[in-house]
Amino acid sequence: MDFAFTAEQEKFRQEVRTFLDAELPPDWVGYLGGTTGDHVVDRGEGWQVFQDIAGKLGKKGWLSLCWPREYGGQARSYVDYLIFAEEIARRGSPGYNPIAMKMLAPTLIDYGNEEQKQQHLKPIARGERFWCEGLSEPEAGSDLASLQTKAVKDNGHFIINGQKTWSTLANHSDWCFMLARSDPNSQRYKGLSFLLVDLSTPGVTVSPIKNLAGESSFCEIFFEDARIPGENLVSKESEGWPVAQALLAHERTSIEFVAMVQSLIEETIKYLKANPGIAPASARDSLARLAIEAEIGRLLNYRVAWQHDQGVATDLYASIAKLYSTELFKRAASAAMHLIGLYGQLDKKETIAPLSGWIEHMYLVSFGATIAAGTSEIQKNIIALRGLSLPKG
Ligand SMILES: Cc1cc2nc3c(=O)[nH]c(=O)nc-3n(C[C@H](O)[C@H](O)[C@H](O)COP(=O)(O)OP(=O)(O)OC[C@H]3O[C@@H](n4cnc5c(N)ncnc54)[C@H](O)[C@@H]3O)c2cc1C
């Protein structure tokens, strides 16, 4: 078994690092570690910085690394993509919209028709079109199949009525993909359609929600008689569930969270060295433990990437990686807060906050990580049922 990256992959990792050194704004040190860059958009120039870097990443061809060439892709491996995502998250770089690049694009490549691929993939690859995910509803999260937003067929269109919630970056997105119930007589998984919605469509309203860290990183989306062209249906009418399942398996690779754990370990060690005497006796034990766990997290995620490149089903192992990586992120943020001491609780508005308030920020956002993309309990259910073949109920 060979755990090493190839010489080209090592070179590529270095190339991404060099690019980020050159392109990130000089004050970026205060924004280390993030998965979608959503924590930067509330900042004055945050969204502009996000878009500028997205354009540059697009020019490099890094927003479409493992897609086929005919859709603007680079036909590289999924492992290459993970290297890119790991480096981006380690620096908390903006410009990377995993909702479009990691989730929607591979789903469209597998399930979309030719017109949909031509219309949507190239703008994502260029970093020009931003997407959000419209799956959760106020009464349908873990039990997604109970969703109630309706899509009624009318003269070649779908009329959408209902509400989505927790939609990350919807306030900055151009388009949204969603599941809606197109067969009113259907039960649960049956009768759901997967639709692509231009958010500027009349009848669509986006309303930001403040998260635990006080930022507008996710939103509600309201649909009131919104008319969506029939050609925006992906796959067949009322057969959207397998499309959403494929999309969720892509969503659950979680190297970004492990990268943030590595940043947390590195920055905590730097801070403790610069401030001798503040480290509690438990510091060595906690940091050594976290360093081992971060290695385990990396291996779990790179295994999913390797399986992907071998054409093996990844859903079970993606759930294992997601569960492990996000729970580890939560433990690491809590440990860093503890090790840095009481000042670690100060936020970025306080000039004396250690690491520009980054520890406090990581601690607050770490809770959402174990909820988004399916909670830890749901991942355990998947592992128990699909991996361990335990009976339901
Ligand atoms: C930071 C963040 C970003 C998000 N971004 C998006 C987004 O972009 N788009 C989107 O559509 N959604 C998004 N979500 C929503 C997310 O997918 C849901 O919050 C999640 O699926 C849980 O659903 P819920 O909040 O309705 O909780 P519930 O489903 O009501 O769950 C409540 C609790 O019950 C537990 N539970 C529920 N069912 C079971 C079960 N069968 N077995 C054991 N325990 C169970 C859950 O684990 C949880 O602890 C985001 C959420 C967060 C926190």
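Because the structure is predicted, anything quoted here is derived from the model rather than measured.

Peer 1: Would you mind going over the site of the ligand with me for this structure?
Peer 2: What surrounds the ligand is a group of 18 residues, the closest being Ser136, Ser142, Trp166, Thr375 and Glu377. Here an oxygen atom of the ligand and a backbone polar atom of Leu135 are 3.0 Å apart. Compared with its free state, where it exposes 980 Å², the ligand has 63% of that area covered by protein. Elements with a contribution of two residues or more to the shell around the ligand: strand 3 (157-168) and helix 11 (376-387). The leading source of residues in the shell around the ligand is strand 3, at 4 residues. The residue inventory of the shell around the ligand, partitioned by class, reads 7 nonpolar, 9 polar and 2 charged. Here the shell around the ligand spans two domains, since at least three of its residues come from each of domain 2 (132-239) and domain 3 (252-387).

Peer 1: Explanation requested: the pattern of salt bridges in the structure shown.
Peer 2: Here the idea is simple: oppositely charged side chains can pair when their charged atoms come close. If you walk through the whole model with that rule in mind, you get 20 salt bridges. A salt bridge links Glu87 to Arg13, with the shortest nitrogen-to-oxygen separation between them at 2.6 Å. One end of the pair, Glu87, is in helix 3 (residues 78-91); the other, Arg13, is in helix 1 (residues 7-23), and 74 residues separate them in sequence. In this structure Arg13 comes out as buried when scored by relative accessible area, which is 6%. Residues Arg188 and Asp143 are paired through a salt bridge, measuring 2.7 Å at the closest nitrogen-oxygen approach. Separated by 45 residues along the polypeptide, Arg188 in the loop between strand 4 (175-181) and strand 5 (192-198) and Asp143 in the loop between strand 1 (131-134) and strand 2 (150-154) bring together distant segments of the chain. Here Arg188 falls in the partly exposed class, since its relative accessible area comes to 32%. Because the salt bridges share partners, they merge into one network encompassing Arg13, Arg17, Glu86, Glu87 and Arg298.

Peer 1: What is the right way to read a nonpolar patch on the surface from this model?
Peer 2: Residues Met1, Phe3 and Leu299 make up a contiguous nonpolar surface patch of roughly 440 Å² in combined accessible area. Residue placement: Phe3 occurs in the segment before helix 1. Judged by relative accessible area, which is 58%, Phe3 ranks as exposed.

Peer 1: Sorry, what's going on with helix 3 here?
Peer 2: Helical periodicity: at 3.6 residues per turn, an α-helix aligns residues three or four positions apart in one direction. Over its 14 residues, helix 3 runs 20 Å from end to end, which matches the ideal 20 Å to within 8%, given 1.5 Å per residue. When you tally the buried positions in helix 3, you get 13 out of 14 residues, the bulk of the element. With its phi angle positive at about 60 degrees, Gly92 sits one or two positions after the end of helix 3.

Peer 1: Can you walk me through the packing of helix 4 (residues 98-111) against helix 6 (residues 241-251) in this structure?
Peer 2: Packed helix pairs are characterised by how far apart their axes lie and by the angle those axes make with each other. At their nearest, the axes of helix 4 and helix 6 sit 8 Å apart, and the two run at 140 degrees to each other. Regarding the angle of helix 4 to helix 6, the classification is oblique. Relative to helix 6, the crossing made by helix 4 is right-handed. Two secondary-structure elements touch here, helix 4 through Lys102, Met103, Leu104, Pro106, Thr107 and Tyr111 and helix 6 through Pro242, Val243, Ala246, Leu247, His250 and Glu251. Taken together, the residues of the contact of helix 4 with helix 6 sort by class into 8 nonpolar, 2 polar and 2 charged.

Peer 1: Just checking my understanding: could you explain the domain arrangement of the protein chain for this structure?
Peer 2: How large an interface is tends to be reported as the accessible area lost when its parts come together. Split into domains, the protein chain comes out as domain 1 (7-129), domain 2 (132-239) and domain 3 (252-387). Each of domain 1 and domain 2 has a C-alpha centre, and these two points are 24 Å apart. Between domain 1 and domain 2, the contact holds 17 residues from the first and 19 residues from the second. At the boundary of domain 1 and domain 2, one finds 0 salt bridges. Here the side of domain 1 that touches domain 2 gets 5 residues from one element, more than from any other, and that element is helix 4. When the residues that make up the side of domain 1 that touches domain 2 are grouped by side-chain class, the tally is 7 nonpolar, 6 polar and 4 charged.

Peer 1: Would you take a moment to explain the side chain of Ser319 for this structure?
Peer 2: Note that Ser319 resides in helix 9 (residues 315-340). Judged by its relative accessible area of 1%, Ser319 is buried. Residues in contact with Ser319, not counting those within four places in the same chain, are Arg252, Gln379, Ile382 and Ile383.

Peer 1: Would you explain the packing of helix 9 against helix 11 in this entry?
Peer 2: Following both chains from N to C, one finds helix 9 and helix 11 inclined at 145 degrees, their axes separated by 9 Å at the closest point. Crossing of helix 9 against helix 11: the hand is left-handed. Residue-level contacts link Asp315, Leu316, Ser319, Ile320, Lys322, Leu323 and Glu327 of helix 9 to Ser376, Gln379, Lys380, Ile382, Ile383, Arg386 and Gly387 of helix 11. Its residues assigned to classes, the contact of helix 9 with helix 11 shows 5 nonpolar, 4 polar and 5 charged.

Scoring rules and cut-offs
- The residue count restarts for each chain, going from 1 along the sequence in the order it is written.
- Under the rules for a predicted model, residues below a pLDDT of 70 receive no local features and side-chain atom pairs below 80 are neither given nor counted, while totals for whole chains, interfaces and linings still include all residues.
- The basis for every side-chain value is the complete set of heavy atoms in the structure, and neither hydrogens nor water enter the calculation.
- For each residue, the test is whether any non-hydrogen atom lies within 4 Å of the molecule or strand; if one does, the residue is near.
- Here a polar contact is recorded for every N or O atom pair within 3.5 Å, except that within protein the pair must consist of a potential hydrogen donor and a potential acceptor, and residues adjacent in sequence are included only if both atoms are side-chain atoms.
- For the area figures, the Shrake-Rupley method with a 1.4 Å probe applies, and any residue is considered shielded solely by the protein chains shown.
- Each helix is a run of H or I in the DSSP string that is no shorter than four residues. Each strand is a run of E no shorter than two, and both are numbered from the N terminus.
- Each residue is assigned to one class: nonpolar for Ala, Val, Leu, Ile, Met, Phe, Trp, Tyr, Cys and Pro, charged for Asp, Glu, Lys and Arg, and polar for all the others, Gly among them.
- Domain boundaries shown here were taken from an automatic or database domain assignment.
- The salt bridge criterion pairs a side-chain nitrogen of Lys or Arg with a carboxyl oxygen of Asp or Glu, the two atoms within 4 Å.
- Residue exposure (1.4 Å probe, protein chains only): buried if accessible area is under 20% of the type maximum, exposed if over 50%, otherwise partly exposed.
- Only residues above 30% relative accessible area that lack a salt bridge enter a patch, with like-charged residues linked at up to 9 Å and the nonpolar side chains Val, Leu, Ile, Met, Phe, Trp and Tyr linked at up to 5 Å.
- Expected span of a helix, by definition, is 1.5 Å for each gap between consecutive residues, and there is one gap fewer than residues.
- For helices, the fitted axis covers only the stretch in contact; all axes are lines through C-alpha atoms, and the angles between them, taken along N-to-C directions, range from 0 to 180 degrees.
- These descriptions rest on fixed angle ranges, namely under 35 degrees for roughly parallel, over 145 for roughly antiparallel, 65 to 115 for roughly perpendicular, and the rest for oblique.
- Each crossing gets its handedness from the near helix: less than a right angle anticlockwise from the far helix is left-handed, clockwise is right-handed.
- Any two residues whose heavy atoms approach within 4.5 Å are treated as being in contact.

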